[in-house]
Amino acid sequence: MRKSTKLNLTAIALTCSMASVSGLAAQLDISLTNATKGIHFTPLLVAAHDGSTFLFRAGTSASAELESMAEGGDISGLSSAITNAGGIVVENPASGPLAPATGTNFSIDTGEMGYLSLTAMLLPTNDGFVGLDSWPIPSEPGTYHIKLNGYDAGTEANDELSTSIPNPPFLTFGANGTGVETTVSNNTVHVHPGNIGDGDANGGRSDVDFSVHRWLNPVAVMTVVVN
């Protein structure tokens with residue numbers, strides 16, 4: 001009886017040791033789908049990092065690096081911040097913007113990092129972005145599904161005007177809008193309320209077409225396979 005107990009304890013210890021190693025050095029195979037009807041994602045930034053580092057935090061003021069990403073799609077500052085802190089990044093895995101109802105697949109070796117984050121600007125918005133903040137990487141191998149919300153960086157008024165939003169060739173705007181907002185109503189990072197838009201291509205409050213560019217959360221679906 002004692003021998004059997006000893007063997008069981010040894011097996012448990014070995015299992016725990018293997019799980020610990022898996023948690024420290026996991027390869028993640030990731031697929032991300034843009035779940036919106038008419039919103040594009042600018043080039044994605046995916047980061048594996050420790051608990052003292054993050055891309056953004058809801059309820060806090062946006063960093064200058066987050067502001068650059070949320071208002072113009074520039075991920076270089078956030079990427080450098082994670083890399084300089086010892087994290088691991090994957091930049092632009094879709095090789096460009098991610099169109100509505102399309103997806104991308106990629107892998108990341110997380111090393112000893114315990115958390116996964118992701119971000120990309122939402123177009124057309126003033127300072128909206130899709131975000132995943134510090135998702136704990138599981139130590140157990142398996143397949144995990146995550147729904148991602150859109151966030152507002154709180155750095156620019158959501159006027160929804162073509163003069164305030166990046167205007168790549170794949171977007172079609174109206175003109176002569178008066179502006180949905182004129183001032184920032186919440187200057188911290190928060191869940192985005194979505195575009196208002198209107199149906200007037202030559203005026204109204206917004207230059208965003210509400211039949212195409214209205215959206216609700218979640219804006220993306222991610223599947224993570226932990227190997």
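As a reminder, the structure under discussion sits directly above these lines.
Criteria and thresholds
Residues numbered from 1 in each chain as written. Predicted model: local features only at pLDDT ≥ 70, side-chain atom pairs only at ≥ 80, totals over all residues. Heavy atoms only, no water. Helix = DSSP H or I, 4+ residues; strand = E, 2+ residues; numbered from the N terminus. Buried < 20%, exposed > 50% of the residue type's maximum accessible area, 1.4 Å probe, protein only. Contact = heavy atoms within 4.5 Å. Areas by Shrake-Rupley, 256 points an atom, 1.4 Å probe, with all protein chains shown as cover. Salt bridge = Lys/Arg side-chain N within 4 Å of Asp/Glu carboxyl O. Arc of directions from axis to C-beta. Core = buried A, V, L, I, M, F, W, Y, C linked by side-chain atoms within 4.5 Å. Pairing = 2+ DSSP bridges.

K.L.:
So what exactly am I meant to see when it comes to the overall build of the protein chain here?
P.N.:
Of the regular secondary structure elements, the protein chain holds 4 helices and 10 strands. In the protein chain, the order of α-helices and β-strands from amino to carboxyl end is α-β-β-β-α-α-β-β-β-β-β-β-α-β. Looking at the 227 residues of the protein chain, the share that counts as buried comes to 46%. Partitioning the intrachain contacts of the protein chain with sequence separation of at least 6 by distance along the chain shows that 77% fall at a separation of at least 24. For the protein chain, the exposed area adds up to about 10,700 Å²; of that, 54% sits on carbon and sulfur atoms.

K.L.:
Which parts of the structure should I look at to understand the pattern of salt bridges?
P.N.:
Pairing between side chains of opposite charge can happen when their charged atoms approach one another. What the rule picks out here adds up to 1 salt bridge. With a shortest N-O distance of 3.0 Å, R57 and D133 are connected by a salt bridge. With R57 in the loop between β3 (45-49) and α2 (64-72) and D133 in strand β7 (residues 128-136), this residue pair connects regions lying 76 residues apart in the sequence. A relative accessible area of 27% places D133 in the partly exposed class.

K.L.:
Any chance you could explain unusual backbone geometry here in plain terms?
P.N.:
If a residue is not glycine, its phi is most likely negative; likewise, a peptide bond is most likely trans. L123 connects to P124 through a cis peptide bond whose omega is 5°. Considering the arrangement of structural elements, one finds P124 in the loop between β6 (115-123) and β7. Phi angles above zero are rare outside glycine, and S95 is one such case at about 55°. Positive phi, normally seen in glycine, also occurs at A101, with a value near 65°. Tracing the chain through its elements places A101 in the loop between β4 (88-91) and β5 (103-109).

K.L.:
Would you mind going over α2 with me for this structure?
P.N.:
Within an α-helix, residues lying three or four positions from one another point in the same direction, as the helix has 3.6 residues per turn. For α2, the full list of buried residues reads L66, M69 and A70. In a view along the axis of α2, the buried residues occupy a sector of 90°, so they form one face of it. Taken together, the buried residues of α2 touch α3 (76-84), β6 and β7. Note on α2: the residue one or two positions beyond its end, G73, has a positive phi of about 80°.

K.L.:
Help me out: how do you make sense of the nonpolar core in this one?
P.N.:
Grouped together as the largest cluster of nonpolar side chains are 30 residues, with contacts concentrated most on L28, L116, L118, V130, L148, M222 and V224. Within the residue set of this core, elements represented by two or more residues are β1 (27-34), β3, β5, β6, β7, β8 (142-152) and β10 (220-226). Discounting chain neighbours no more than four positions away, the residues touching L28 are F106, S107, I108, T110, L116, I137, V224, V225 and V226.

K.L.:
I'm lost on α3 in this one. Help?
P.N.:
Inspection of α3 places L78, S79 and I82 among the buried residues, and these make up the whole buried set. Axial view of α3: buried residues confined to an arc of 100°, hence all on one face. Against β3, α2, β4 and β6 lie the buried residues of α3. One or two positions beyond α3, positive phi appears at G86, with a value near 95°.

K.L.:
Just checking my understanding: could you explain the pairing of β8 for this structure?
P.N.:
On a regular strand, one side chain projects to one face of the sheet and the next to the other, so that they alternate. With 4 bridges connecting them, β7 and β8 associate as antiparallel partners. Each residue of the ladder has a partner; that of G131, found in β8, is N149. In this structure, β8 lies alongside β10, joined through 7 bridges in antiparallel fashion. From the neighbouring strand, I146 faces β10, where its bridge partner is M222.

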